[in-house]
Amino acid sequence: MAAKTNPGRFFEDYKLGEVIEHAVPRTVSGGERALYHALYPARHALYSSDEFARASGLPAAPLDDLAAFHVVFGKTVPDISLNAVANLGYAEGRWLKPVYPGDTLRSTSEVIGLKQNSNGKSGVVYVRTRGLNQRDEVVMEYVRWVMVRKNDLDAPAPETVIPELKKTLAASDLEIPAGLDFTGYNYTLAGEAHRWGDYEVGEVIDHVDGVTIEEAEHMIATRLWQNTAKVHFDATFRPDGQRLIYGGHVISMARALSFNGLANAQMIAGLNGGAHANPCFSGLTVKAWSEVLDKAETAAPGVGAIRLRLVATSDGSVGDLKGEDGKYLPGVLLDLDYWALMPI
Amino acid sequence: MAAKTNPGRFFEDYKLGEVIEHAVPRTVSGGERALYHALYPARHALYSSDEFARASGLPAAPLDDLAAFHVVFGKTVPDISLNAVANLGYAEGRWLKPVYPGDTLRSTSEVIGLKQNSNGKSGVVYVRTRGLNQRDEVVMEYVRWVMVRKNDLDAPAPETVIPELKKTLAASDLEIPAGLDFTGYNYTLAGEAHRWGDYEVGEVIDHVDGVTIEEAEHMIATRLWQNTAKVHFDATFRPDGQRLIYGGHVISMARALSFNGLANAQMIAGLNGGAHANPCFSGLTVKAWSEVLDKAETAAPGVGAIRLRLVATSDGSVGDLKGEDGKYLPGVLLDLDYWALMPI
Amino acid sequence: MAAKTNPGRFFEDYKLGEVIEHAVPRTVSGGERALYHALYPARHALYSSDEFARASGLPAAPLDDLAAFHVVFGKTVPDISLNAVANLGYAEGRWLKPVYPGDTLRSTSEVIGLKQNSNGKSGVVYVRTRGLNQRDEVVMEYVRWVMVRKNDLDAPAPETVIPELKKTLAASDLEIPAGLDFTGYNYTLAGEAHRWGDYEVGEVIDHVDGVTIEEAEHMIATRLWQNTAKVHFDATFRPDGQRLIYGGHVISMARALSFNGLANAQMIAGLNGGAHANPCFSGLTVKAWSEVLDKAETAAPGVGAIRLRLVATSDGSVGDLKGEDGKYLPGVLLDLDYWALMPI
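From a predicted model like this one, the values you see are computed outputs, not experimental measurements. (Residues numbered from 1 in each chain as written. Chains lettered and ligands numbered in written order. Predicted model: local features only at pLDDT ≥ 70, side-chain atom pairs only at ≥ 80, totals over all residues. Heavy atoms only, no water.)

Looking at the environment of Val-85 of chain B
Residue and element names in this part refer to chain B. What counts here: Strands here are runs of E lasting at least two residues and helices are runs of H or I lasting at least four, both read from the DSSP assignment and numbered beginning at the N terminus. In this analysis, two residues are considered to be in contact whenever any of their non-hydrogen atoms come within 4.5 Å of each other.
Within the secondary structure layout, Val-85 lies in strand β3 (residues 84-95). Along the primary structure Val-85 and Ala-265 are separated by 180 residues, whereas in three dimensions their C-alpha atoms are 34 Å apart. In contact with Val-85, other than residues within four places in its own chain, are Met-147 and Arg-149.

The following block contains the structure:
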């Protein structure tokens, strides 16, 4: 029997500077948009209404920024994370062009760092992943690093290269979509009156609502992004018989829940970092809170930038993140640091 | 911590004559149509096939009438029913324009009645809700009344105004979509041979089929309509750990099941009234029966109107509605009174 | 109470040569495509990307071939299998035209064989089902035979006619879509390097991945195809309280899983036969393996035909099909024999 299936890459298979073209480009449509809104309580008006988007200077309502992220990310799984032991971090994520129904996305990843672990059995791979549309425009990019097993333990360790990554993007690093204009923003249609000026750095917002997670839903979502990691779908894969939920499902759930209190944080423009603090399984009830980390003006008319910590929990706690030991509390699922654009 | 989240409105917050503009307009597409058909066994040909719709004088297959209702209704939840104790009734519902993929819907509600309860702790709010498209045309409207808690028990009671509502719309109150013509109706493609003339007032139809309800499905549906009521999604919200199913999910399920026996009752034109007789939870098997309440001719070629009682049950019973005490039997989930259009 | 519901057809209701026009035509859109990819781990690039499809000579990405099959099949259920005791077999299935978003499909079935069983209580009905688009072009056809109960046991037995059916379609029987050209095929974007020439007759491929089946998912899928068979939806229908999963759900799941090892077997062109070896229920984990049965060249540039046995299992076994008694092993769910088109 020939081995035709994809064994995935092992640590020794990555070469510094190499650009991996990921498979299976994807044309998105109104179907992806409807499913995104059916799977998450997503209500940001710019992504829900073509009319609202046009009033904000865009040609139509784009696909939710995180849906674009999931499509781009999903394509990388067979090449980056099939043999990954752990997803260690994100940095320098930027949304560069809105994605519209009819666009076709594909992904590439450039290997920008490698570091074999001291145990000689695994190593850390740093990649800068880019999502491109059918015009070869980069629609988003982010850095991600994962720990990957070695297959051949005798393979020599590569030279250690750890990329210098910005701990936080500056507001000036953010790309504002061409034409975006919030000077005529309709707060009533958007759902809340709170503008950029109403938020204070340090402010914590309890998003109140919760969603109890179902197996069918996280699998439908994860498949839609063509993410093939076995652990999300096959109940016989883990010894405990549980399906581990794709971390991106929790990100989208928390972001959608954050509408209640941050309805005007319309567009995600930057991802500074993120940690999947604890695994998520079916049956848990996800709630969310946010903390305002920073604020900045932008050059676009009426558009301010707000840096937010978005935390998803399984226990409904608000404001607590880590214990005295510096580790995430058991009820914390996600700790995400991102920049959003909102009307001033 | 500032309270940025929406606390909802309390009884004392409603003013007679006030028009509330609801948030988050929604552009619908083929995605919403596909999801509607995936979530309910919907088979009415006019909503399934562009060709069938064109042969009936419409430009294309509209979105199912109840999907349009759910979109319009969902937008009202944050302003009308977040603090509602009970959904008391519907009246004077009319579908005025078909909704097509590409349309953008928003909702407004006019407060048309107020009555504080004698206990001083809550009151009844009557609203006339309208759904509008991107051309500001009213696509549907209905009256709904809910019991809402007071937050400030010392707030003075408003003057009691109870609107005069028609118990039943006359057939002449119904709006027939422009161009609708059933003179060339294809009964074979529609799925059944029974025309308007074949139904008798008083006739009861057992729709035979049943669907067992899953958590994932009702949540997907309810989110798609951007209905945010906690009780549908959060298993930690009710003391019994059950997620109460959105009443509209039962309406759509029963209407779709009614295809078997009423395949030619194509369009819903009017809603006379409705009661969610008992709560619905995951695991129940929904079945449906209908009773012909009235029939009328219309001015449109080949088009008759039929008034139907649509009953959803959890026990498969047919024909029984209320016990000797005048209360709904425990196996009745829904009692809906509506007008449909069918070929003569 | 008049019986308005569809009782289905019984064995004595079928007449040789009769053509049954099935109800409820269906316009498909990007919504159906998104749902197909959300319900199955489908990743074949030709069906995922308009750009990839155009580079292969097609105007856009078609709907997955099996989605087209499910739509066509679903329409036949009320007329063919409502009173069926068993689905006995498939033969001579051919995909003749790709189906694109915007197409409207309907189905017809010609009765091509009848044989009453010796017990006099049931009989076998052979039909050739055709799916047609809005231009009355046949997009696919297949022969299916089912055992159907008699209602009137005194109805005379029809003359026995058993159609001559090809055990296997020849490669020359396959219809290659107009314009299909794999000479510029991009293996990187397609996801695997293995071309037609890399597969050997007799080769067995373990597709490795598995998906645990959920009630919500198979019901969503089955409804999307407007398949109304009670047994899939109503947990009160079978004495054991289980919902039998639509056989087509297992077919699509297995085909999608076969991407891993057969990513370049892009298009399904022919169905030689198939058996639903054992029933499938929620909770089972479906895996798949394939065996290369035959290979043939085609007249289209760069396009080869490969005949595959696709087997779905519930126990993860690979390569074993039947026991010593000639019966399918209990862990086998599906045994399907089909032709696919792949780049040479």
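Observations regarding the interface of chain A and chain B
Put simply, the rule is: The buried area of a pairing is the accessible area, by a 1.4 Å probe, that goes missing from both parts when the two are put together, added over both. Any carboxyl oxygen of Asp or Glu that lies within 4 Å of a side-chain nitrogen of Lys or Arg is treated as forming a salt bridge with it. Definition of a polar contact: a pair of N or O atoms within 3.5 Å, with one able to donate and the other able to accept a hydrogen when the atoms are protein atoms, and with sequence-neighbouring residues admitted only if both atoms are side-chain atoms.
Taken together, the contact pairs 46 residues of chain A with 34 residues of chain B. Summing the contributions of chain A and of chain B, the shared interface buries around 3,200 Å²; its carbon and sulfur component is 58%. It is Ala-38, Arg-43 and Leu-189 of chain A that lose the most area in chain A upon contact with chain B, and together they represent 20% of the buried surface on that side. Taken together, the links from chain A to chain B amount to 5 salt bridges. Among the salt bridges present, the one from Lys-287 of chain A reaches Asp-234 of chain B, with a minimum N-O distance of 3.6 Å. Connecting chain A to chain B are 20 residue pairs in polar contact (both at pLDDT 80 or more). Of all the secondary structure elements, the ones that give two or more residues to the side of chain A that touches chain B are α1 (30-39), α2 (45-48), α3 (50-55), α5 (187-190), β7 (204-212), α6 (215-224), α8 (259-262) and β9 (285-297) of chain A. A per-element tally of the side of chain A that touches chain B places β7 of chain A first, with 9 residues.

Observations concerning the relation of the copies chain C and chain A
Using the following cut-off: Our superposition of the copies is a least-squares fit, built on the C-alpha atoms of residues whose pLDDT is at least 70 in both.
It takes a turn of 120° to lay chain C on chain A, together with a shift of 0.0 Å along the axis; the resulting RMSD is 0.0 Å. In the structure described here, the two chain copies are related by an operation that fits a three-fold rotation axis. Among all residues of chain C, the one whose C-alpha sits closest to the rotation axis is Gly-31 of chain C, at a distance of 2.2 Å. Interface residue correspondence from chain C to chain A reaches only 9%, placing this contact among heterologous pairings that use different surfaces.

Looking at the relation of the copies chain A and chain B
With an RMSD of 0.0 Å, the operation that places chain A on chain B is a rotation of 120° combined with a shift of 0.0 Å along the axis. The overlap is low: 9% of the interface residues of chain A also sit at the interface in chain B, so different surfaces are used on the two sides.

Quick look at the side chain of Asp-337 of chain C
Residue and element names in this part refer to chain C. Heads up, the rule is: Burial classes: relative accessible area under 20% of the type maximum marks a residue as buried, over 50% as exposed, and values in between as partly exposed (1.4 Å probe, protein chains only).
With respect to the helices and strands, the residue Asp-337 is situated in strand β11 (residues 332-343). You can call Asp-337 buried: its relative accessible area is 14%. Filtering out sequence-adjacent residues up to four positions away, Asp-337 remains in contact with Leu-271, Asn-272, Gly-273, Leu-293, Arg-307 and Leu-308.

Some remarks on unusual backbone geometry
Residue and element names in this part refer to chain C. Positive phi outside glycine occurs at Glu-92, with the angle close to 50°. Along the chain, Glu-92 turns up in strand β3 (residues 84-95). For Glu-92, a relative accessible area of 11% gives the class buried. The phi dihedral of Asp-136 falls on the positive side, at around 60°, and the residue is not glycine. Along the chain, Asp-136 falls in the loop between β5 (122-132) and β6 (138-149).

Comments concerning the interface of chain C and chain A
Facing 46 residues of chain C, the contacting portion of chain A comprises 34 residues. Between chain C and chain A, roughly 3,100 Å² of surface is buried when both sides are summed, and carbon and sulfur atoms account for 58% of that area. Of all residues in chain C, the largest losses of buried area upon contact with chain A belong to Ala-38, Arg-43 and Leu-189 of chain C, amounting jointly to 20% of the total for that side. On inspection of chain C and its partner chain A, the count reaches 5 salt bridges.

Here we look at the domain arrangement of chain A
Residues and elements named next belong to chain A. Where we set the bar: Annotation comment: domain bounds sourced from an automatic or database domain assignment. The classification used treats Ala, Val, Leu, Ile, Met, Phe, Trp, Tyr, Cys and Pro as nonpolar, Asp, Glu, Lys and Arg as charged, and all other residues, Gly among them, as polar.
Domain annotation of chain A identifies domain 1 (1-28 + 63-165) and domain 2 (168-344). The gap between the C-alpha centroids of domain 1 and domain 2 is 22 Å. Listed by partner, the interface residues are 23 residues for domain 1 and 24 residues for domain 2. Roughly 2,200 Å² of surface becomes buried between domain 1 and domain 2 when both sides are summed, with 60% attributable to carbon and sulfur atoms. Summed over the three residues of domain 1 that lose the most area to domain 2, namely His-70, Tyr-90 and Trp-95, the buried surface amounts to 29% of that side. In this assembly, domain 1 and domain 2 are joined by 10 residue pairs in polar contact (both at pLDDT 80 or more). For the side of domain 1 that touches domain 2, the secondary structure elements donating two or more residues are α4 (65-81) and β3 (84-95). In terms of residue count, the dominant contributor to the side of domain 1 that touches domain 2 is α4 (11 residues). Residues of the side of domain 1 that touches domain 2, tallied by class, amount to 13 nonpolar, 5 polar and 5 charged.

Structural notes on helix α6 (residues 215-224) of chain B
With 10 of its 10 residues buried, α6 of chain B lies for the most part within the structure. Where α6 of chain B is buried, its residues contact α1, β7 and α6 of chain A, α1 (30-39) and α7 (247-257) of chain B together with α6 (215-224) of chain C. One or two residues past the end of α6 of chain B sits Gln-226 of chain B, with phi positive at roughly 55°.

Quick word on the pairing of strand β4 (residues 104-116) of chain A
Residues and elements named next belong to chain A. This is how it is decided: Pairs of strands are assigned from DSSP output, requiring at least two bridges between the strands.
Burial analysis of β4 places 10 of its 13 residues in the buried class, which makes it a mostly covered element. Pairing analysis gives 3 bridges linking strand β1 (residues 19-21) to β4, with the strands arranged antiparallel. Across the sheet, residue Glu-21 finds its bridge partner in β4, namely Thr-108. Inspection of the sheet shows strand β2 (residues 26-27) paired to β4 by 2 bridges, in the antiparallel sense. In the sheet register, Thr-27 faces β4, and the bridge partner there is Thr-104. Where β4 and strand β5 (residues 122-132) come together, 10 bridges link them in antiparallel fashion. Directly across from Arg-106, in β5, lies its bridge partner Leu-132.

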